[in-house]
Amino acid sequence: MAPPMKLIIEDDEGGRREVPLDREELTFGRREDNFVYLPERNVSRRHARLCRREGAFVLEDLHSSNGTRVNGVRITEPIELQDGDLVTIGDYGFALRPDDFTLDMPLVPQPPQEEAPAVRPEGLADTAPHPLVPQPEVQPVPAGPPASARPRKRTVVASGVGLVLGLAAALVLRARLDDASTRAHATAPPPPVQIQETMEAEPPPPPSDAEPPALEITPPTVAQHPSTSTEWLAAARATADQRDFDRALKLLASVRDRAYQADVQTSRRIWRAEAAAGRAVKAARHELDRGRPSVALRQLEGAKSSRAWAPEVAQLRSEIEAALKVPKKGRARAAAPAELERLYREGKALYDSGNLPGAITRFDRCLALDASFSRCHLMLATSLARGGNTELAETHYRRFLELASADDPAVPRVKKFLEDSDAQKKARAASAIPQR
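Let me begin by describing the structure that accompanies this report. Small disclaimer: the values here were computed from a predicted structure and weren't measured.

1. Looking at the overall build of the protein chain
And step 1. When you go through the protein chain residue by residue, the secondary structure sums to twelve helices and eleven strands.
And step 2. Taken over 436 residues, the protein chain has a buried fraction of 27%.
And step 3. Within the protein chain, residue pairs in contact and separated by at least 24 positions form 42% of the contacts whose partners lie at least 6 positions apart.
And step 4. Of the roughly 31,100 Å² that the protein chain leaves accessible, carbon and sulfur atoms contribute 55%.

2. Here we look at the layout of surface pockets
And step 1. Counted as a void, the largest pocket has a volume near 1,400 Å³.
And step 2. As for the largest pocket, its lining consists of 41 residues, of which Ser294, Val295, Arg298, Gln299 and Leu392 are closest to the centre.
And step 3. Tallied by class, residues from the lining of the largest pocket come to 17 nonpolar, twelve polar and twelve charged.

3. Concerning helix α7 (residues 310–325)
And step 1. For α7, spanning 16 residues, the distance from its first C-alpha to its last is 23 Å, which sits close to the expected 22 Å at 1.5 Å a residue.
And step 2. Restricting attention to buried positions, one finds in α7 the residues Val313, Leu316 and Ile320. Take α7 and look down its axis: the buried residues cluster within an arc of 70°, on one side only. Summarising the geometry of α7, the exposed residues directed more than 90 degrees from the buried face are Pro311 and Lys325.
And step 3. Lining the buried residues of α7 we find α5 (261–289) and α6 (293–300).

4. As for the packing of aromatic side chains
And step 1. According to the stated counting rule, one finds five aromatic pairs in the structure shown.
And step 2. Counting every residue linked through ring pairs, the aromatic cluster contains Tyr344, Phe363 and Phe373.
And step 3. Cation over ring: Arg375 sits above Tyr344, and NZ or CZ is 4.7 Å from the ring centre.
And step 4. Here the guanidinium or amino end of Arg386 rests over the ring plane of Tyr351, the centre of that ring lying 5.1 Å away.

5. Thoughts on the sheet that holds strand β3 (residues 25–29)
And step 1. Ordered by their spatial adjacency, five strands build an open sheet running β4-β3-β5-β6-β9, and the pairing between neighbours is mixed. Single-partner strands in this sheet number two, and they are β4 (36–37) and β9 (79–80).

6. Section: the environment of Leu392
And step 1. Inspection of the secondary structure puts Leu392 in helix α11 (residues 390–403).
And step 2. Among all residues touching Leu392, those that are not within four sequence positions of it are Arg298 and Leu384.

7. A closer look at the pairing of β3
And step 1. Where burial is concerned, most of β3 is hidden: four out of the five residues are buried.
And step 2. Of the pairings in the sheet, the one linking β3 to strand β5 (residues 48–53) comprises four bridges and is antiparallel in character. Note that in β5 the partner of Glu25 across the bridge is Cys51.
And step 3. The pairing of β3 with β4 spans two bridges and is classified as parallel.

8. A word on unusual backbone geometry
And step 1. The residue His63 is not glycine, and still its phi comes out positive at about 55°.
And step 2. Along the chain, the position of His63 falls in the loop between β6 (56–61) and β7 (69–70).
And step 3. Assessed through its relative accessible area of 80%, His63 is described here as exposed.

9. Considerations on the state of the cysteines
And step 1. Counting across every chain of the model gives one disulfide.
And step 2. A sulfur-sulfur distance of 2.1 Å marks the disulfide that ties Cys366 to Cys376. Because the torsion about its S-S bond is 90°, the bridge between Cys366 and Cys376 counts as right-handed. Taken together, the positions of Cys366 in helix α9 (residues 356–369) and Cys376 in helix α10 (residues 374–386) put the pair ten residues apart, joining distant regions of the chain. In this structure, Cys366 and Cys376 share a single accessibility class: buried.

10. Brief notes about the sheet that holds strand β2 (residues 16–20)
And step 1. An order of β2-β1-β11-β10-β7-β8 is seen for the six strands of this open sheet, with the pairing classed as antiparallel. Looking at which strands have only one partner, the edges of the open sheet turn out to be β2 and β8 (73–74).

11. Description of the side chain of Ser64
And step 1. Along the chain, Ser64 falls in the loop between β6 and β7.
And step 2. Of the residues examined, Ser64 reaches a relative accessible area of 8% and is grouped as buried.
And step 3. Among the polar contacts listed, one links the side chain of Ser64 to the side chain of Asp61, at a separation of 2.7 Å.
And step 4. Excluding anything up to four places from it in sequence, Ser64 contacts Ser44, His47 and Arg74.

12. Brief notes about the packing of α10 against α11
And step 1. Axis separation between α10 and α11 bottoms out at 8 Å; the angle between their running directions is 155°. One way to sum up the angle between α10 and α11 is to call them roughly antiparallel. Between α10 and α11 the crossing geometry is left-handed. Side by side, α10 and α11 meet where Ser374, His377, Leu378, Leu380, Ala381, Thr382, Leu384 and Ala385 of the first sit next to Leu392, Ala393, His396, Tyr397, Arg399, Phe400 and Leu403 of the second.
And step 2. Each residue belonging to the contact of α10 with α11 can be placed in one class, and the counts come to ten nonpolar, four polar and one charged.

13. Things to note about the environment of Arg317
And step 1. Note on placement: Arg317 falls in helix α7.
And step 2. For Arg317, a relative accessible area of 26% puts it in the partly exposed group.
And step 3. Expressed as a C-alpha distance, the spacing of Arg317 and Leu300, which sit 17 residues apart in the sequence, is 7.9 Å.
And step 4. In this view, Arg317 contacts Leu297, Leu300, Glu301 and Lys304; residues no more than four positions away in its chain are not counted.

14. Concerning the nonpolar core
And step 1. Counting 26 residues, the largest nonpolar core has Phe363, Cys376 and Phe400 as its most contacted members.
And step 2. Of all the secondary-structure elements, those providing two or more residues to this core are α8 (336–352), α9, α10, α11 and α12 (411–430).
And step 3. Tallying contributions element by element places α10 first for this core, with six residues.
And step 4. In this structure Phe363 touches Tyr344, Gly347, Lys348, Cys376, Met379, Leu380 and Ser383, once residues within four positions along its chain are discounted.
And step 5. Formed by 24 residues, the second largest nonpolar core is a distinct cluster that contains Leu252, Val264, Ala280 and Ala296.

Reading the values: the criteria
Residues numbered from 1 in each chain as written. Predicted model: local features only at pLDDT ≥ 70, side-chain atom pairs only at ≥ 80, totals over all residues. Heavy atoms only, no water. Helix = DSSP H or I, 4+ residues; strand = E, 2+ residues; numbered from the N terminus. Buried < 20%, exposed > 50% of the residue type's maximum accessible area, 1.4 Å probe, protein only. Contact = heavy atoms within 4.5 Å. Areas by Shrake-Rupley, 256 points an atom, 1.4 Å probe, with all protein chains shown as cover. 1 Å grid on protein atoms, 1.4 Å probe; cavity = no way out; pocket = protein on both sides within 12 Å on 5 of 7 lines; lining within 4 Å. Points joined across faces, edges and corners; volume = space filled by probe spheres on them. Nonpolar A, V, L, I, M, F, W, Y, C, P; charged D, E, K, R; others polar. Expected span 1.5 Å × (residues − 1). Arc of directions from axis to C-beta. Phe/Tyr/Trp six-rings, centres within 6.5 Å; stacked < 30°, edge-to-face > 60°. Lys NZ or Arg CZ within 6 Å of the ring centre and 35° of its normal. Pairing = 2+ DSSP bridges. Disulfide = S-S within 2.5 Å. Polar contact = N/O pair within 3.5 Å; in protein donor to acceptor, adjacent residues only side chain to side chain. Axes fitted to C-alpha atoms, helices over the stretch in contact; angles between N-to-C directions. Parallel < 35°, antiparallel > 145°, perpendicular 65-115°, else oblique. Left-handed = near helix turned anticlockwise from the far one by under 90°. Core = buried A, V, L, I, M, F, W, Y, C linked by side-chain atoms within 4.5 Å.

Pasting the structure below:
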């Protein structure tokens, strides 16, 4: 009988967990209804499936976007997994291991390394040749001239080699002496009379291009082709200093040394936040250029705690505040209520039909006309929550509670949503330490 197996899953930060194989089928994906929930964005909603067939475990890719790889090769049809096969899905890796496998063991078994044969002391004799002295190869003695002619031939060859080496040494010494003489002549000051005559006769010649430049202390350069963990980490930090955080994260993935894992995890968390902040700054600038300062202000919330983009955030915030203070021209006061009702009805119809982007646009225009229109706050928050933007939805839900009357039938539902959201945040904060 085959030994009982289990599934070991490792994320990109080194955290591991084990999944018992007590089901006939396991699905992997980004949706929470999968048996193995993988929340990273490079994992499809339903990414892959692992089935038990006649005692074997068969892995199948479910037409995912980024694919499923076994031992580095992307699979296109179901494949039977063996003990020690490394499966890669997005930033996750997992393998089938025996039931007695512990989480601190290597995920993939390493092949045994052959030890170098030890040199026995008794194998070294006093008569052994010195390692720095080249030894002639032992060749079979061919039939040739008598033994008396061999020493004479060796003497001629040795004399020729010595003559060549002596001539080369003489040439090198002569070149060094000429170079030293040239430098001494160039640095020696001329007599005072010659200096005076030269100054009166003609101006001093311009400096030669052949002169060596002045000594400058330059910072250490980053290796163009990193090969060690230290060089990969230095390259990633240099890229992050240029605010190219997406490329810095890719370089950081090549740091495999466990001695740097604490720095890697800290840098990865900071750079991911800064990359998201950069995208938020770009989106806010786009919305402000389109003449939508209120939308730009909401986009800028994603970069409010950024350090790398702090100058851009401050500049955008001042431009947005100035744009919000400018009165909107050409808007009649009597037509404002009818316009609000029209935008609200159009947004509600788009929401009911499932067109969330169109509904959000209508409700944004409604609030741009009148920021105290409570029903637009309510429907905008509901549309954002349905689209997954829970944080911004909470802002509009709280604004709705401030504007709505106490007997509004939607008030209890909004309060329940905010209470559940706060409880989920506390639960995630309590379980932030990864389990190993």
